[in-house]
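# Observations on chain architecture
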Amino acid sequence: MSENFAVVRARNLGLTFETNDGPVHALSNVNLDVGKGDFVSFIGPSGCGKTTFLRVIADLERHTSGTIEVNGTTPENARKDRAYGYVFQAAALLPWRTIEDNIALPLEIMGFTRDQQKERIERTLELVNLNGFGKKYPWQLSGGMQQRASIARALAFDADLLLMDEPFGALDEIVRDHLNEQLLKLWDRTNKTICFVTHSIPEAVYLSTKIVVMSPRPGRVTDIIESTLPRERPLEIRETPEFLEIAHRVREGLKAGHSYDQ
Amino acid sequence: MTRPSFLHDRLLPILTVLIAIIAIWYLCVVWLNAPFVRDQAARAGTPITFAEILPQTFEQERPVLPAPHQIVTELWKTTVTLPVTSKRSLVYHAWITISATLAGFGIGAVLGILLAVGIVHNRAMDKSLMPWVIASQTIPILAVAPMIIVVLNAIGISGLLPKALISAYLSFFPVVVGMVKGLRSPDRLLLDLMRTYSATPAQLFWKLRWQAALPYLFTSLKVAVAIALVGAIVGELPTGAVAGLGARLLSGSYYGQTIQIWAALFMAALVAALLVSIVGLAHRAVLKRMGERP
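Worth saying up front: this structure is predicted, and the values here are computed from it rather than measured.

What counts as what
Residues numbered from 1 in each chain as written. Chains lettered and ligands numbered in written order. Predicted model: local features only at pLDDT ≥ 70, side-chain atom pairs only at ≥ 80, totals over all residues. Contact = placed C-beta atoms within 7 Å. Helix = DSSP H or I, 4+ residues; strand = E, 2+ residues; numbered from the N terminus. Nonpolar A, V, L, I, M, F, W, Y, C, P; charged D, E, K, R; others polar. Pairing = 2+ DSSP bridges. Axes fitted to C-alpha atoms, helices over the stretch in contact; angles between N-to-C directions. Domains from an automatic or database assignment. UniProt positions renumbered as here; feature names shortened; annotations may be inferred.

Time to look at the interface of chain A and chain B. Taken together, the 17 residues of chain A in the interface contact 15 residues of chain B. Mapped onto the side of chain A that touches chain B, the elements with two or more residues apiece are α2 (75–80) and α3 (99–109) of chain A. A per-element tally of the side of chain A that touches chain B places α3(A) first, with three residues. Residue composition of the side of chain A that touches chain B, grouped by class: 13 nonpolar, one polar and three charged.

All names here are of chain A. Read from one edge to the other, the open sheet built from six strands follows the order β5-β6-β7-β3-β8-β9, with strand pairing classed as mixed. In this open sheet, the two strands that pair with only one neighbour each are β5 (84–87) and β9 (220–226). Adjacent strand axes in the sheet meet at a mean angle of 15° when their direction is disregarded. Packed on one face of the sheet, helix α1 (residues 50–57) meets β3 (39–43), β6 (161–165), β7 (193–198) and β8 (210–215) and runs near 150° to β7.

Many descriptions give the size of an interface as the accessible area lost when the pieces come together. Domain assignment breaks chain B into domain 1 (6–65) and domain 2 (90–289). Computed over C-alpha atoms, the centres of domain 1 of chain B and domain 2 of chain B are 38 Å apart.

Residues annotated by UniProt as "domain: ABC transporter" (unreviewed entry) correspond here to residues 8–241 of chain A. Structurally, residues 8–241 of chain A comprises 33% helix and 28% strand, and the distance from its first C-alpha atom to its last is 31 Å.

Once that is clear, we can look at the sheet that holds strand β1 (residues 6–19) of chain A. All names here are of chain A. With antiparallel pairing, the three strands of this open sheet are ordered in space as β2-β1-β4. This sheet does not close on itself; its edge strands, each paired only once, are β2 (22–35) and β4 (65–70). When the angles between neighbouring strand axes are averaged without regard to direction, this sheet yields 20°. Summarising the sheet, β1 and β4 pair through five bridges and their orientation is antiparallel. When the bridges of β4 are listed, alanine 10 appears paired with isoleucine 68. Each of β1, β2 and β4 touches α1; the most contacted strand, β2, lies at about 65° to it.

Here it is in structure tokens:
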């Protein structure tokens, strides 16, 4: 497969919710390609449709106009092929299952054997640095550890596409920095394609190879920024002029989107 | 932090209330039974002092209100000293009632769970069934019970089953309500999660909904087992059943055997406490297996 094979390809994508107060244009005229191995961040104020776009990719919402392909097929087929792992804003762990059993949940559903489950649980726990916590229940872990467990769960069945909806939004900044660093390493090691929703500019710039700036009413893409940062990114890279310049461009893009409806 | 002590935190408050109740009870015994002693003395024409009345109020054969020690004596006599096979043994009567209770509870619980599953998964059932489930409980069971017994008797069904059906009629309700709530308790996020895995409806049910509903189920079962007992006793009343706690209550009231009535009432309360605690223990065991926060 060529380097720029599109994992996600959206053309004139639109989604309109019919509500009692009239139609709400959650997404309008979105054109976007997510290449294989890309780390794409979606950033914008609330209501800009970034989460909705992720949910359309995941077939949790249906678009109402335009086309979208995931892995060259419809989102529904992609979902049925178990093409992606989804990480929600909250960890969404089942409280009655241990961390191990939570990671095993998708594996059980997808019919992996006991031995395969055991091997994958071990491997993914190591990927997110949670070795030794498999037998704990979710409430015994901190918020950051719970979120890592939910990432492990999304990685367990080896989907090539990882959809992350503000996974670190509820965590404090110190934990967040740490998890961002780990996530980058993980992405580097596993070579997955990641779509990442955030409302933090530094987070988006630090993580991404491509930043999609969105704005609300109607939800649309206002700017797509290809990052010039190297793949190898220590936390200190956030103080380099290059980083600040990209951050500046993102901020300008967000401003432009805002002035539109004022 | 001091460790919670069983004596101080559990036993003492309960004992305090118990002692207060017993004290008030004895006062009522004197107050309610004294007129009878006074009437007897008046009829015999002998003057009687309060000091003489007092002990007699505690030892009547058919008191208006039996004293606690009389009930305890009766309970002791009819449970421990009599053989279990005796027709006067309270253990025998209690067992008759318990067997109907458990049968009814079982039927009610299974029916309740099945109805709840139907209601949660089928919009038509939700709309059509739920109002009837609620309406069923607005009919006074005392009015329905004799009809159920009589109708079933007419088609040749008697004994345990009619009573069990009345128990089931009462006990399925809390199970339906609790399970509907429990099966609907997983939030949007978890349902979305299962959808991202393309889980089958069966997997969604067993791995998510059923597990989430278990705590609700046990809370409902505790209520259900208690009212199943009420149902079984009510089922024994209208037909003049010959055995069971209901029968003891009825025959006691026919012959003015107040001590027997109260002993049967206490036995019923003990059985209820026992049944509820057994369900409670199962509840705790399940929650523990589900990794509940201590």
